[in-house]
Amino acid sequence: MSDHPSEIRREYLDRPLRRSALDTNAHGQFSTWLQEAIDCPCLDPTAFVLATTGNAGPDARVVLLKGHAGEQMVFYTDCSSAKGEQIKQSDEVCMVFHWRELDRQVRVQGRAERLDEGTEQEYFASRPLGSRKAAVASRQSQPVANREALERAVIEQEDDPVKPERWGGYAVVPHTFEFWQGRAGRLHDRFRYVRDGESWRITRLQP
Ligand SMILES: Cc1cc2nc3c(=O)[nH]c(=O)nc-3n(C[C@H](O)[C@H](O)[C@H](O)COP(=O)(O)O)c2cc1C
């Protein structure tokens, strides 16, 4: 087989996603799929691509989901980073999970809002010391002269670093989800959930 990108393809396992098997609540469906990705086990099951749109256009990067409770999907970061600035410009974000071992993708659209200080403090305190020091020492997305400057900034940190105001998290409150299940012959199953008052409107989409 050629290793040219156009020649690289594989058949997906034929694992159907049926309308009758869907949870009526998008968050319930997401929880089931996330748990299946953890149990599988998929590598980095909580990793997702976070897309933002700032004044300079779209941008995207991988972050980790750290909480999913009620209607909120939570991640942590340096809020003065590029993504933090972009969220200030537009709080509408998109999240994409890809669980390749299960031939699954979930796409989530919603609004991001900064968590409260108490929740951020609690999570910050739960992180390993090295991660806390790095969070204080590194001003994410800013230029740095070299690796040594970065390492020196970490060494200079106190042994009980205090969470800076700029470091924290966001809760995304989704209004749309799409669950994609790869199927044989490229006839994949796709279901979109759109928030409709207290419930979710579910539509099957063509692959
Ligand atoms: C697997 C993986 C997990 C990551 N998790 C996080 C995370 O939870 N929070 C974070 O701020 N950056 C995380 N990053 C780094 C981001 O992709 C990105 O480089 C960083 O947040 C700066 O992005 P920005 O300049 O767009 O703000 C992760 C990267 C990878 C590859």
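First, a word on what this report is: a plain description of the structure on this page. (Residues numbered from 1 in each chain as written. Predicted model: local features only at pLDDT ≥ 70, side-chain atom pairs only at ≥ 80, totals over all residues. Heavy atoms only, no water.)

### Notes on helix H4 (residues 129–137)
- Within the span of H4, buried status applies to Arg132, Lys133, Ala135, Val136 and Ala137.
- For H4, the elements touching its buried residues are helix H3 (117–126), helix H5 (147–155) and strand E7 (167–181). (Buried < 20%, exposed > 50% of the residue type's maximum accessible area, 1.4 Å probe, protein only. Helix = DSSP H or I, 4+ residues; strand = E, 2+ residues; numbered from the N terminus. Contact = heavy atoms within 4.5 Å.)

### Remarks on the layout of surface pockets
- Within this model, the largest pocket holds a volume of roughly 310 Å³.
- Taken together, 15 residues form the lining of the largest pocket, with Tyr76, Thr77, Arg127, Gln140 and Trp167 sitting closest to its centre.
- Residue assignment for the lining of the largest pocket shows that the elements contributing at least two residues are strand E2 (57–64), strand E4 (72–78) and H4.
- Taken together, the residues that form the lining of the largest pocket break down as 7 nonpolar, 4 polar and 4 charged.
- If you go around the second largest pocket, the residues you meet are Leu43, Asp44, Ala47, Phe48, Val49, Val62, Val96, Phe97, His98, Arg100 and Glu101.
- Mapped by element, the contributors of at least two residues to the lining of the second largest pocket are strand E1 (47–54) and strand E5 (92–99).
- Broken down by class, the residue content of the lining of the second largest pocket amounts to 7 nonpolar, 1 polar and 3 charged. (1 Å grid on protein atoms, 1.4 Å probe; cavity = no way out; pocket = protein on both sides within 12 Å on 5 of 7 lines; lining within 4 Å. Points joined across faces, edges and corners; volume = space filled by probe spheres on them. Nonpolar A, V, L, I, M, F, W, Y, C, P; charged D, E, K, R; others polar.)

### Notes on unusual backbone geometry
- Following Cys40, the chain continues into Pro41 via a peptide bond in cis, with omega recorded as -10°.
- Within the fold, Pro41 resides in the loop between helix H1 (26–39) and E1.
- You will see that Arg186, though not glycine, has its phi angle at about 65°, which is positive.
- Turning to its location among the elements, Arg186 is positioned in the loop between E7 and strand E8 (189–196).

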